[in-house]
Amino acid sequence: MNRLSKIKDIYHEIEKVVGADYITDKDFMKAAYSRNVDPSFPDRWADIIVRPETPEEVSEIVKLANKYKIHMVPRGGGADLVGGSVTEGGILLDLTRMDKIIEINYDDYYCVVECGVTWGKLLSELHPSGYTTGVIGPGSGYAATIGGGLSNSTAGGGSTKYGLVPDICLGVEVVLPNPQGTIIRTGAAANKYAAPFCRYGVAPDFTGLFMGDVGTLGIKTKAYLRLFPDPPHKRQLSYIFKKNNYQKVFEYAHKIRNKVGDGLRDLSGLPLMVIQLLAGNVEVKPAKRPRLRGPAMQVLLEASDLRILDVYTEIVNDIMLKEELARPFEWSEVDPSMETKKEWSWDLKQTFNYFQKYISVAPPKVSCTTCHKIPISKLPTISKKAQEFDSKHRDEFPPGAMSFWSTIIYFLPNGNCVLVGGFNADNVDDVRDISMKLWHKKLRAQVRYGGIHYWLGEAISQSILEADAYTPEFVQFFKDIKKTVDPDFLLSPNKFHLYSYDYDYTKHLVKDEE
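Residues numbered from 1 in each chain as written. Predicted model: local features only at pLDDT ≥ 70, side-chain atom pairs only at ≥ 80, totals over all residues. Heavy atoms only, no water.

Turning next to the side chain of Ser-151. Looking at the element boundaries, Ser-151 is found in helix H5 (residues 146–151). Since its relative accessible area comes to 12%, Ser-151 is described here as buried. Every residue in contact with Ser-151, bar those within four places of it in the chain, is listed here: Gly-212, Asp-213, Val-214, Gly-215 and Lys-220. (Helix = DSSP H or I, 4+ residues; strand = E, 2+ residues; numbered from the N terminus. Buried < 20%, exposed > 50% of the residue type's maximum accessible area, 1.4 Å probe, protein only. Contact = heavy atoms within 4.5 Å.)

Quick look at the structure:
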């Protein structure tokens, strides 16, 4: 059977599963799904777009994909920047119809949601009740889905205290890409007699297989997430260093983590160049020129009692101001339109807009993100190495490109932080090719200085492999696991430069000049 005949036949069979309204092969729809917010990639058109509503429908689609040997790629909110949820040919599974909040159990501190539900929808349900998931989703915005956050091991608001999105996950329901379209549940939900209230103990931690897998091992349909009481009192403190000294950023961040503990919800640093860019782009200039000589640090505290919050504030002020190497900082110094508030309250718009300004750039630009984690003790040396890369390869950047080694330094639990960075360039064919090559080169350099990436779509996962980061034994183990759940290699091909089980990935290894 030729390819066109297979596509026609599987289309009609899937249509019987989901209904005519939820499947399409129209060109205008395939064009609409041909990229996410990652214009550095060329448009890639799926053969079929499907929007299933239930795990059983996903299972039937998987069975048909195996029958016809047609590859599949799952898609959530489409806020991906690194080629994670588009496909050339094959079936694109849009999971956003699976958006139900099934259970919120305030007594036992967990919730059950479908993986196509957005962070905005879930938070809008939880926060008025005084509860939170802890992590409030990725920087890509509140239209991003729970499944996408799990598939990319995302950091976001609340991650300093609560960890990455997988850290609040108690288990998942997953459709395996095997010929049977097997539906499994992990964590306590694997016990058919138990509520999904915990992750460990019922069996080996199979949940972990599907965290950060970028849709390569299974199609997540439900998630069981932790809940926490949301402390009612919050306060944001901002400081700016008098010198561009990242050794002190590390030292102060370390002390704050040690002395504030659970009262520290978010801790982040903003590099000097980002603050300068903000200052240069404001519509109304401040009456007095701001003194900007070093990075800023933002501390978000939370407590159940206002008196405790005051104690936390005293501790942080003592750490940040005692040596007189930093001073209190108000954003109104840079932008008079930014209101100074003593007490912090939820402002989901502010969190969303910050990332959109620096990452999800305007359509005429490509955005090549390089977000990665490092140990906080390495911040002084790695910030220098990251900036040296941009300086050394300045002539390789396309004209007009703007590169950030980090737009924000976001501190996480267990002594690590995320450098949220990347570069942009004009979105035209010849420049796009240059950008893609430089993007991979920059990612490989980060891998080799020990950076750990987490947004593992095509660009980043391929670059990790190109840098020869994985041992042959690890690659073989990865293949063996995938072959167990996906014997015909149909789910999310191309990531990690894995195109089949016998493909020689070593031809993609790259030895860059040091």
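This part is about the pairing of strand S16 (residues 365–369). Every regular strand shows the same layout, with side chains that alternate between the two sheet faces. Across the five residues of S16, four count as buried, placing the element largely inside the fold. Bridging between S16 and strand S19 (residues 416–426) involves five bridges; their strand directions are antiparallel. Counterpart to Cys-368 in the pairing with S19 is Phe-423. (Pairing = 2+ DSSP bridges.)

Now for the packing of aromatic side chains. Counted under the stated rule, the structure contains 13 aromatic pairs. A centroid spacing of 5.1 Å and a plane angle of 20 degrees characterise the contact between Tyr-470 and Phe-474, whose relative ring orientation is stacked. Residue Phe-474 is classed as partly exposed on the basis of its relative accessible area, which comes to 39%. When the ring of Phe-478 is compared with that of Phe-496, the centres are 5.0 Å apart and the planes differ by 80 degrees; the resulting orientation is edge-to-face. Here Phe-478, found in helix H14 (residues 472–485), pairs with Phe-496, found in the segment after H14; they are 18 residues apart in sequence, far enough to count as distant. Each member of the pair Phe-478 and Phe-496 is classed as buried. Taken together, Tyr-470, Phe-474, Phe-478 and Phe-496 form an aromatic cluster joined through their ring pairs. The aromatic ring of Tyr-22 is capped on one face by Arg-97, whose charged end is 3.3 Å from the ring centroid. Stacked on the ring of Phe-489, the Lys or Arg Lys-482 has its end atom at 5.0 Å from the ring centre. (Phe/Tyr/Trp six-rings, centres within 6.5 Å; stacked < 30°, edge-to-face > 60°. Lys NZ or Arg CZ within 6 Å of the ring centre and 35° of its normal.)

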